[in-house]
Amino acid sequence: MRTSRTARGVTACLAVIALAAGCSSSGGKDDEDGSGDGGESGKGVGTPRLKIAMVTHSGEGDTFWDIVRSGAEQAARKDNIQLLYANDKEAKGQAELVQSFVDKKVDGIVVTLAKPEAMRAVLAKAKAAGIPVVTVNSGGEFSARFGALGHIGQDESVAGEAVGEELNTRGKKKALCVIHEQGNVSLEQRCAGVRKTFEGSVENLNVEGTNAPGAQSSISAKLQATKDIDAVVTLGAPIAAYSVKAKGETGSKAEVDTFDLNAEVVKRLKAKEVGFAVDQQPYLQGYLALDELWLYKTNANVLGGGKPVLTGPAVVTGKDVPKLEKYTARGTR
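Residues numbered from 1 in each chain as written. Predicted model: local features only at pLDDT ≥ 70, side-chain atom pairs only at ≥ 80, totals over all residues. Heavy atoms only, no water.

Peer 1: For this particular structure, what's the right way to read the sheet that holds strand S6 (residues 174–179)?
Peer 2: Each strand in a sheet pairs with another by means of backbone hydrogen bonds, the pair being arranged parallel or else antiparallel. The strand order across the open sheet built from six strands is S7-S6-S8-S9-S10-S12, with neighbouring strands paired in mixed fashion. Two strands close off the open sheet at either side, each with one partner strand: strand S7 (201–206) and strand S12 (314–316). Each neighbouring strand pair of the sheet contributes to a mean axis angle of 25°, computed without reference to strand direction. When strand S10 (residues 277–279) meets S12, the two strands line up antiparallel, connected through three bridges. Residue pairing for S12: valine 278 is matched across the bridge by valine 315. Across the face of the sheet, helix H7 (residues 212–225) comes into contact with S6, S7 and strand S8 (231–234) while running at roughly 145° to S7. (Pairing = 2+ DSSP bridges. Helix = DSSP H or I, 4+ residues; strand = E, 2+ residues; numbered from the N terminus. Axes fitted to C-alpha atoms, helices over the stretch in contact; angles between N-to-C directions. Contact = heavy atoms within 4.5 Å.)

Below you can see the structure in the form of structure tokens.
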């Protein structure tokens, strides 16, 4: 696993945090009897019980968010937090969920900003109510503007640039960048980043990520119509699987590369069905977001001094599979 030349130019704040065992959506007190499921035992912190909500834009079947949630649940157990998780792929629904947690007067909110303007008003209400907010994964450039303590994730433009550089190294000439959620600013930034550094041509293709047959069909049709595509760049792990199948259907010689990592992608890296993946460490995003709110509420700490805390990107190839398999199998990478 290696960081890109571009990524090395970005300052990242590294937080060193001890991990306790187990995963629970309730967290905290449940671990005090040593019943954690991670093969260890121990007590959680002795700080007061907190109630923290996490609201994401996850759609059905997106395994990326399972990993984010797993990290958040781990931190919740350690930090004596009751984690309230909710998601809605529609921006309006996501904003309504945040409003419901503001009304419940939770101790903190973790939120994604895939479609930031839809979240502006409700985050202002959270701030007015004195509820601290940490943003994760998407919309990092809007985080401070909307009053959040900080943002945890990767710089999406830098990540895209890293992909463009890697495609150059591999001698590719024509790339298809598959956007699985139209209007998501982070996904658009990734494709724009690829276009910025890639010396070949890039064409975007919008598909509906939550509709597997439809997404696969759209990718197949594009590969069938444009024979000289030699790289398919997907922006999420599930879409990589659809693209591998589409490649098989059409007999395309294009290399499939992807953002994000999970057990399925590691398996396909091992089988050489995927060339490389860009890992943004979603487990860290969930874990550090909960930890930041706990640290803020109990000790007035702010990770990174309010600047974005970067969790990626790193380019992962087949040679990294041996050290990653056991972690992806358990759902933490």
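Peer 1: Where do I start with the state of the cysteines in this structure?
Peer 2: As used here, a disulfide is simply a covalent bond connecting the sulfur atoms of two cysteines. Inspection of the entire model under this criterion finds one disulfide. Covalently, cysteine 177 is tied to cysteine 191 through a disulfide, its sulfur atoms 2.1 Å apart. On the sign convention where negative means left-handed, the S-S torsion of about -90° between cysteine 177 and cysteine 191 marks this disulfide as left-handed. Of this pair, cysteine 177 sits in strand S6 while cysteine 191 sits in helix H6 (residues 185–197), and the two are 14 residues apart along the sequence. Overall, the relative accessible area of 1% leaves cysteine 177 in the buried class. (Disulfide = S-S within 2.5 Å. Buried < 20%, exposed > 50% of the residue type's maximum accessible area, 1.4 Å probe, protein only.)

Peer 1: Would you take a moment to explain the pairing of strand S3 (residues 108–111) for this structure?
Peer 2: Residues of S3 alternate between two faces, with Gly108 and Val110 on one and Ile109 and Val111 on the opposite face, all of them buried. For strand S1 (residues 50–56) and S3, the ladder comprises four bridges, and the chain directions are parallel. Across the sheet, alanine 53 pairs through a bridge with isoleucine 109, a residue of S3. Examined bridge by bridge, S3 and strand S4 (residues 133–136) share three bridges and lie parallel to one another. Counterpart to isoleucine 109 in the pairing with S4 is valine 133. Between the parallel elements S3 and S4, the chain passes through helix H3 (residues 120–128) in a crossover that is right-handed. (Right-handed = clockwise from strand over helix to strand, strands pointing away.)

Peer 1: Help me out: how do you make sense of the sheet that holds S4 in this one?
Peer 2: Here we have six strands laid out as an open sheet, ordered S2-S1-S3-S4-S5-S11, and parallel in their pairing. The sheet is open, and its two borders are formed by strand S2 (81–87) and strand S11 (309–310), each paired with just one other strand. Across the sheet, helix H1 (residues 63–79) touches S1 and S2, and the angle it forms with S2 is around 165°.

Peer 1: Mind showing me how you'd approach the confidence of the model for the protein here?
Peer 2: Low-confidence regions, as indicated by low pLDDT, have predicted coordinates that should not be scrutinised in detail. When pLDDT is averaged along the protein, the result is 89, and 87% of the positions lie at 70 or above. Contacts of residues 5–42 to residues separated by more than four positions or lying in other chains number 81 contacts, the stretch itself having pLDDT below 50. (pLDDT = per-residue confidence, 0-100.)

Peer 1: Teacher, can you tell me more about the layout of surface pockets here?
Peer 2: Unoccupied space between atoms shows up once a probe the size of one water molecule is rolled over them. If you add up the space inside the second largest pocket, you get close to 500 Å³. Along its surface, the second largest pocket is lined by 34 residues, and His57, Gly59, Asp62, His180 and Glu181 are the ones closest to its centre. Split by residue class, the lining of the second largest pocket holds nine nonpolar, 15 polar and 10 charged. (1 Å grid on protein atoms, 1.4 Å probe; cavity = no way out; pocket = protein on both sides within 12 Å on 5 of 7 lines; lining within 4 Å. Points joined across faces, edges and corners; volume = space filled by probe spheres on them. Nonpolar A, V, L, I, M, F, W, Y, C, P; charged D, E, K, R; others polar.)

Peer 1: I'm lost on the packing of helix H9 (residues 263–270) against helix H11 (residues 321–329) in this one. Help?
Peer 2: Think of two packed helices as two axes; the pair is described by the angle between the axes and how far apart they sit. Put simply, H9 and H11 touch, their axes get as near as 9 Å, and they point 155° apart. With respect to H11, the element H9 is oriented roughly antiparallel. The handedness of the crossing between H9 and H11 is left-handed. Here Ala263, Val266, Leu269 and Lys270 of H9 come into contact with H11, specifically with Val321, Glu325, Thr328 and Ala329. Its residues placed into classes, the contact of H9 with H11 shows five nonpolar, one polar and two charged. (Parallel < 35°, antiparallel > 145°, perpendicular 65-115°, else oblique. Left-handed = near helix turned anticlockwise from the far one by under 90°.)

Peer 1: Which parts of the structure should I look at to understand the packing of H7 against helix H8 (residues 237–250)?
Peer 2: Direction vectors running N to C along H7 and H8 enclose 45°, while the axes themselves pass 8 Å from each other. With respect to H8, the axis of H7 lies oblique. For H7 against H8, the interelement crossing comes out right-handed. Between H7 and H8, the residues in contact are Ala212, Ala215, Gln216, Ile219, Ser220, Leu223 and Gln224 and Ile239, Tyr242, Ser243, Lys245, Ala246, Lys247, Glu249 and Thr250, respectively. When its residues are assigned to classes, the contact of H7 with H8 shows seven nonpolar, five polar and three charged.

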